[in-house]
Amino acid sequence: MHQRQMTTRRTMVSLIALAGVITAIGLAPATATDHQADPRPAARCSSGVPGDVNGDGFAEIAVGEPGNAKDRGSVHVFYGQRSGLVTNATGSARNDHYLTQDTRGVPGKAETGDAFGTSTLLADVNGDGCADLAVGSPGENAGTGWVQVFFGSPTGLKTTGTQSFTLSQIPGSPGSARDQELGDELAAGDLDGDGIDDLMAGIAGLRVDGKDAAGGVAVVYGGPSGLQLTRSAMLTRDTPGIPGESGKYVGFGAAVATGDFDGDGSTELAIGSTNGLSGGTVQTVERTPDGFTGNEPISPHSVGMPGQADRFCAFGFVLASGDVHGDGRDDLAVGDPAFGCHDEPDVDYAMGSVVLLAGSKDGLTTSNSQLWTQDSPGVAGTARLGNVFSEALAMAPLDEGPTADLVIGAPGDTDGGSVTVLLGGPDGLTTEGIGGTRFTQATLGIPGTPESEDAFGEVVTTPHLQSRTQATLVIGVPREDVGSIRSAGAITQLPISADGPNPRGAKTFTANTSGVQGKTGTDERFGGGPRRWG
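A quick note: this is a predicted structure, and the numbers were derived from the prediction, not measured. (Residues numbered from 1 in each chain as written. Predicted model: local features only at pLDDT ≥ 70, side-chain atom pairs only at ≥ 80, totals over all residues. Heavy atoms only, no water.)

Each helix and strand counted, the chain has 3 helices and 28 strands in total. Approximately 17,900 Å² of the chain is accessible, and the part contributed by carbon and sulfur atoms is 48%. (Helix = DSSP H or I, 4+ residues; strand = E, 2+ residues; numbered from the N terminus. Areas by Shrake-Rupley, 256 points an atom, 1.4 Å probe, with all protein chains shown as cover.)

This is the structure:
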């Protein structure tokens, strides 16, 4: 069995255990001189661009490397400019800002297995207009887990005033315990309507009343001083107002996303539960003055769901939200990278699928839902077991149209992995224009040589690096060889164009790229991570 199949097999086994450890890579610890001053700092943080750390009008990306230095972990913050990603300071962009738990000012100590950087997320949790960085370390303290928040400023990310939390600090939590892995999955959105982002952490491995991997979601509210831990809450299937009940290996919180799915101006939380490999569900939860209230879970067996219910295996393992239809309501893309896992009894990795659930005045609905696989008409490529189509999802406006578009990673696809783009429109996702286009390292203009184990598309992200209105596609290639160094890893950025991501002029970054901190190393998997970066 080749390495990509082995990696995917481990991912599917993690789904069954619902305490999945998705590894990535890293580099050597930074020195105090890594973080040079911004040559042209913004006067204040008020650009309004999501993910803009320094207020210059261009977003950043935070690339986690949880496998760095024997799983101690690290994070790179690359700054955006009109030309795209920058690793050497230019204009208002800073150098690669590199963090480990041994970086001066970062709390804690880098220890084997911490997996610092397993999840990264850029959101404004103190309301100053500059995006802040949340970093998950699910391996901290024997798998108890930890989340740290670093604050943005006009001069870039700061390592002073950092905040953090563990499970034991969340009211209503069953408490910290081994192997529950807080920090594996992060999301943000304004749940309480105060104009400041709140932070959500999905904890699929949470034990609830002795039930292993029943799962939960920690909700930590933001405020003018940052995280407000005394107001935080732990949601489980046993929380009053949330339909269903906790059960062993349900994995509530395997994926989390936020959006306004009913168009009422309030943000809801979408929560995925994979139920091992027995189908999975997704449900929405909304904060009210009296607590939380949730809708009935949507499963592959729900009325109106497309496709054969018995082919779904991990529905809800990956989520991405955005207004695909342009009707003022967010829609939800639900990934099942294990779709088709029952097609062959001895295969526990699969071809994968995506279901688009539309927003409505009543919230998410299965009416007019869409099922997409690589066998869908107009989608390039061929569905086959092992592709894990939808192992990574991201949604944002990629062309000059008004709607959100969907990016789908299939790291097990032929040619060393692929990424597919579906465009949004009044009728939902479409293959019109560049819709259905499949990008690989064999695509003209994209650097690199496709090799079977590259895992191109294991991570996808769509930040506003180059434009306030149009997102840039950045792709992780964590098993890319760099020279003679195997699986050193890379990321690839496709520039924006009127039609969407353009392979012409694509740029690839590795740990050997000028300005990137550290150096390449075997199996360091630069550009890896859990589905997407912040």
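Bringing the packing of aromatic side chains into the picture now. The tally for this structure, following the rule as stated, stands at 4 aromatic pairs. With a centroid separation of 5.7 Å and an interplanar angle of 85°, the aromatic rings of Phe312 and Phe315 are classed as edge-to-face. There is no split in this pair, since Phe312 and Phe315 are both buried. Judged by centre distance (4.9 Å) and plane angle (70°), the ring pair of Phe312 and Phe339 falls under edge-to-face. Placement of Phe312 in the loop between strand 16 (291-294) and strand 17 (318-322) and of Phe339 in the loop between strand 18 (331-336) and strand 19 (353-358) is noted, with a sequence separation of 27 residues between them. Of the residues examined, Phe312 reaches a relative accessible area of 2% and is grouped as buried. Members of the aromatic cluster, joined through ring pairs, are Phe78, Phe509 and Phe526. (Phe/Tyr/Trp six-rings, centres within 6.5 Å; stacked < 30°, edge-to-face > 60°. Buried < 20%, exposed > 50% of the residue type's maximum accessible area, 1.4 Å probe, protein only.)

So, about the state of the cysteines. The final tally for this structure, using the stated rule, is 2 disulfides. With a sulfur-sulfur separation of 2.1 Å, Cys313 is cross-linked through a disulfide to Cys341. Where Cys313 bonds to Cys341 through sulfur, the torsion about that S-S bond is close to -100°, and the disulfide is left-handed. Here Cys313 is found in the loop between strand 16 and strand 17, whereas its partner Cys341 is found in the loop between strand 18 and strand 19, with 28 residues between them in sequence. Given a relative accessible area of 0%, Cys313 falls into the buried group. Sequence-ordered numbering of the bonded cysteines in the chain gives a pairing of 1-2, 3-4. (Disulfide = S-S within 2.5 Å.)

Across a sheet, strands are paired by hydrogen bonds formed along the backbone, either parallel or antiparallel in direction. Judged by pairing direction, the sheet is antiparallel, and its 4 strands sit side by side in the order 13-14-15-16 without closing on themselves. What marks the edges here is a single partner per strand, and that holds for strand 13 (255-259) and strand 16. Here the strands of the sheet are splayed against their neighbours by 30° on average, with no regard to which way each runs. Bridge count for strand 13 against strand 14 (residues 268-273) is 5 bridges, and the pairing is antiparallel. Within strand 14, the position partnered with Gly259 by the bridge is Glu268. (Pairing = 2+ DSSP bridges. Axes fitted to C-alpha atoms, helices over the stretch in contact; angles between N-to-C directions.)

The next subject is the sheet that holds strand 11 (residues 216-223). Strand order in the open sheet formed by 4 strands is 9-10-11-12, and the pairing between neighbours is antiparallel. The sheet terminates laterally at strand 9 (185-189) and strand 12 (226-235), the two strands that pair on one side only. Geometrically, the sheet is characterised by an average inter-axis angle of 20° between neighbouring strands, direction not taken into account. Alignment of strand 11 against strand 12, held across 6 bridges, turns out to be antiparallel. Residue pairing in the sheet places Val219 in a bridge with Ala233 of strand 12.

Below, the discussion takes up the pattern of salt bridges. Taken as a whole, this structure holds 8 salt bridges when the rule is applied. When the shortest N-O distance is used, the salt bridge between Asp327 and Arg329 registers 4.0 Å. For Asp327, a relative accessible area of 38% gives the class partly exposed. The shortest N-O distance in the salt bridge between Arg438 and Asp415 comes to 3.8 Å. Taken together, the residues span a long stretch of sequence, with Arg438 in strand 24 (residues 437-439) and Asp415 in the loop between strand 22 (405-410) and strand 23 (418-422) at a distance of 23 residues. Beyond isolated ion pairs, a larger network of salt bridges with shared partners links Asp413, Asp415 and Arg438. (Salt bridge = Lys/Arg side-chain N within 4 Å of Asp/Glu carboxyl O.)

The buried count for strand 17 comes to 4 of 5 residues, which makes it a mostly enclosed element. Sheet analysis places strand 17 next to strand 18, joined by 5 bridges and oriented antiparallel. Looking at the pairing, Gly322 lines up with Asp331 of strand 18.

Leaving glycine out, the prevailing phi sign among residues is negative, and the prevailing peptide bond configuration is trans. At Ala115, a position not held by glycine, the phi torsion is positive, near 60°. Among the secondary structure elements, Ala115 is positioned in the loop between strand 4 (97-99) and strand 5 (119-123). In the Ramachandran plot, Tyr249 falls in the positive-phi region, its phi being about 65° despite a non-glycine side chain. Secondary-structure assignment places Tyr249 in the loop between strand 12 and strand 13. Residue classification places Tyr249 among the partly exposed positions, given a relative accessible area of 35%.

The next thing to look at is the nonpolar core. Counting residues in hydrophobic clusters, the biggest one holds 43 residues, and the most contacted among them are Val282, Leu319, Leu332, Leu357, Leu393, Met395 and Leu406. Secondary-structure elements contributing two or more residues to this core are strand 13, strand 17, strand 18, strand 19, strand 21 (392-396) and strand 22. Looking at this core, the element that brings in the most residues is strand 19, giving 4 residues. Aside from chain neighbours lying at most four places away, what touches Leu319 is Ala255, Val256, Ala257, Ala270, Ile271, Gly272, Val282, Leu332, Ala333 and Val334. Judged by nonpolar contacts, the second largest core, of 24 residues, contains Val125, Leu199, Ala201 and Leu227. (Core = buried A, V, L, I, M, F, W, Y, C linked by side-chain atoms within 4.5 Å. Contact = heavy atoms within 4.5 Å.)

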